[in-house]
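Structure assessment
In case you want the letters, here they are:
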Amino acid sequence: VGLISKRLAEVAVDMPPDQRRRRLEILSGTALNSKLIANYKDLFAPMVVDAVIALDPLLLDLKLVGVKKVPGGSVTDSFFVQGVAFKKTFSYAGFEQMTKSFDNAKVLCLNVELELKSEKENAEVRISDPDDYQSIVDAEWKIIYDKLALCVECGANVVLSKLPIGDLATQYFADRGLFCAGRVEAGDLGRVCKATGAVIQTSVQDMDRPGVLGLCAHFEEKQVGGERYNVFTGCPAAKTATIVLRGGSEQFIEESHRSIHDALMIAKRGAGDSRVVGGGGAVEMELSRYLRVEGLKCDGKDQLVLCAVAKALEVIPTQLAQNSGFDPTDILNALRKKHLDADGLWYGVDCDNEGIQDTLEKEIWEPALNKANSLLAACEAACVILKIDETVRNPRSQDPGAAAGGQTLQQQHARTSQAMGGRGMAGMMGRGGRGVRRLK
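Summary of the structure given here. (Residues numbered from 1 in each chain as written. Predicted model: local features only at pLDDT ≥ 70, side-chain atom pairs only at ≥ 80, totals over all residues. Heavy atoms only, no water.)

**Notes on the sheet that holds strand S2 (residues 65–71)**
Spelled out, the test is: By definition, two strands form a pair when at least two bridges between them are found by DSSP. What counts as a helix is a DSSP run of H or I of at least four residues, what counts as a strand is a run of E of at least two, and both are numbered from the N terminus. Note on geometry: axes are lines fitted to C-alpha atoms, helical ones only across the stretch in contact, with angles between N-to-C directions running from 0 to 180 degrees.
Spatially, the 3 strands line up as an open sheet ordered S2-S10-S3, and their pairing is mixed. The open sheet is flanked by S2 and strand S3 (79–81), the only strands paired with a single partner. On average, adjacent strands in this sheet sit at an angle of 20° to one another, irrespective of strand direction. Here S3 pairs with strand S10 (residues 241–247) via 3 bridges, running antiparallel. By the bridge assignment, Val-81 is partnered in S10 with Thr-242.

**Considerations on the pattern of salt bridges**
Two side chains carrying opposite charge are able to pair once their charged atoms lie near each other. As a reminder of what qualifies: Salt bridges are counted wherever a side-chain nitrogen of Lys or Arg sits within 4 Å of a carboxyl oxygen of Asp or Glu. The classification of residues rests on relative accessible area computed with a 1.4 Å probe and restricted to protein chains. Under 20% of the type maximum is buried, over 50% is exposed, and intermediate values are partly exposed.
As enumerated under the stated definition, the model contains 21 salt bridges in all. The residue Glu-10 makes a salt bridge to Arg-7 at a minimum N-O spacing of 3.0 Å. With Glu-10 and Arg-7 both in helix H1 (residues 2–11) and 3 residues apart, the pair spans about one turn of that helix. Exposure remark for Glu-10: the relative accessible area of 44% places this residue in the partly exposed category. The closest approach of N and O atoms between Lys-142 and Asp-146, which form a salt bridge, is 3.0 Å. One end of the pair is Lys-142 and the other is Asp-146, both in helix H4 (residues 131–153) and 4 residues apart, which spans about a single turn. Asp-146 sits in the partly exposed class, given a relative accessible area of 35%.

**A closer look at the side chain of Lys-371**
To keep things clear, this is the line we draw: By definition in these notes, contact holds between two residues if any of their heavy atoms fall within 4.5 Å.
Considering the arrangement of structural elements, one finds Lys-371 in helix H12 (residues 368–386). For Lys-371, a relative accessible area of 10% puts it in the buried group. Apart from the residues within four sequence positions on either side, Lys-371 is in contact with Leu-8, Val-277, Val-283, Glu-284 and Glu-366.

**A short note on helix H7 (residues 250–272)**
Quick reminder of the rule: To estimate the expected span of a helix, subtract one from its residue number and multiply by 1.5 Å.
A rise of 1.5 Å per residue sets the reference length of H7, with its 23 residues, at 33 Å; its end C-alpha atoms lie 33 Å apart and thus fit the reference within 8%. Turning to H7, its buried residues are Ile-253, Ser-256, Ser-259, Ile-260, Ala-263, Leu-264, Ile-266, Ala-267, Gly-270 and Ala-271. Against the buried residues of H7 lie helix H2 (20–32), helix H3 (41–53), S2, S10, strand S14 (365–367) and H12.

**Some details on H12**
Definition in use: Here the arc refers to the directions that run from the helix axis out to each C-beta atom.
Look at H12: 27 Å from first C-alpha to last across 19 residues, which is about the 27 Å you get at 1.5 Å a residue. Turning to H12, its buried residues are Ala-368, Lys-371, Leu-375 and Cys-379. Buried residues of H12, seen end-on, are gathered within an arc of 70° and therefore sit on one face of the element. Facing away from the buried side of H12 by more than 90 degrees, the exposed set consists of Val-384 and Ile-385.

Honestly, it's all geometry; don't read function into it.
Pasting the structure below:
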């Protein structure tokens, strides 16, 4: 592990800071090369880089990057939102009358239920005068109206809540030119707070103090495919982003989501470390050559270990050649020969044209930090396996004919035959030859 880390540190290329965005796009494109959406990497690689750059550079929390999947349309209809976008939640009557677009919107995020609730089954109210019942009903209505009035008085244009917003509140906000949405998922509401700077309120009191409302340059509810989406853009405190994926089938969208996730992870690593190495099996071949040279300098078992690791590293270019339909023996021999030359450091498999190429020059890059972590994990896994002295196994599970009683099928047949007298059905029927003995 020490030799691998040392050689990686020596050969890794430190890219200049002014090429940060271009470097991240190349890394993301390399991650998408082997995916289903490889033909659209020019569309998705900039999206991935925009999403990572939008995050807090100290945290780079990918949970704040939302990926929404909308079936229908073309994959080229996918788009990036510098902010938050989430699917329209369940709405009550009066929702159609709401204002669906705001400029310089003020956002209020709540964890408060804004609807009339029926009493529990075990609730009990005792009154001495029938007229008192009306006062109880009026008190319930006064409480809900006071909550709604406080939401309007705080100056918000958009009201979001984790809990339901009923038909009364929906109509109330619509009459006053506000937009509201209840039952917003916790993840979506958290991203809204990160983007707009809003703070989730658990009470409607004291909402006029500074720092409660969030701000965004533009809010709009727009049609995306067959769904309606709430989109917040131009957020001054934006530390989050959203990628909306489109596609003709759910299977294609799911595969696109997995591909985007891989690219996001690579871009995250690249954003934290500016060093890169050549892909296409180039760095593995260079490490393999280096370990072989170092292994021949050792005596005893260390030489065998280093040569075994060097051989294992050649699996990566071999597999790349096989996946491309090439003869892995020819490709591997060509790489071994090239890496002995002074200018063959970054030569790897050319998956487009059968042969080898300088992957660093062709902009097939991988983050050096990611490569170091992968090789370290592989070495640790090999060490764990080699440290196993004994294995515990269940004998019954090793025998496909084993039964619940611990006997194989052949043992069960032998036991049954013995119970029949040792001669199968004839043993059960006695020695009278064929047929069944007559009853006397």
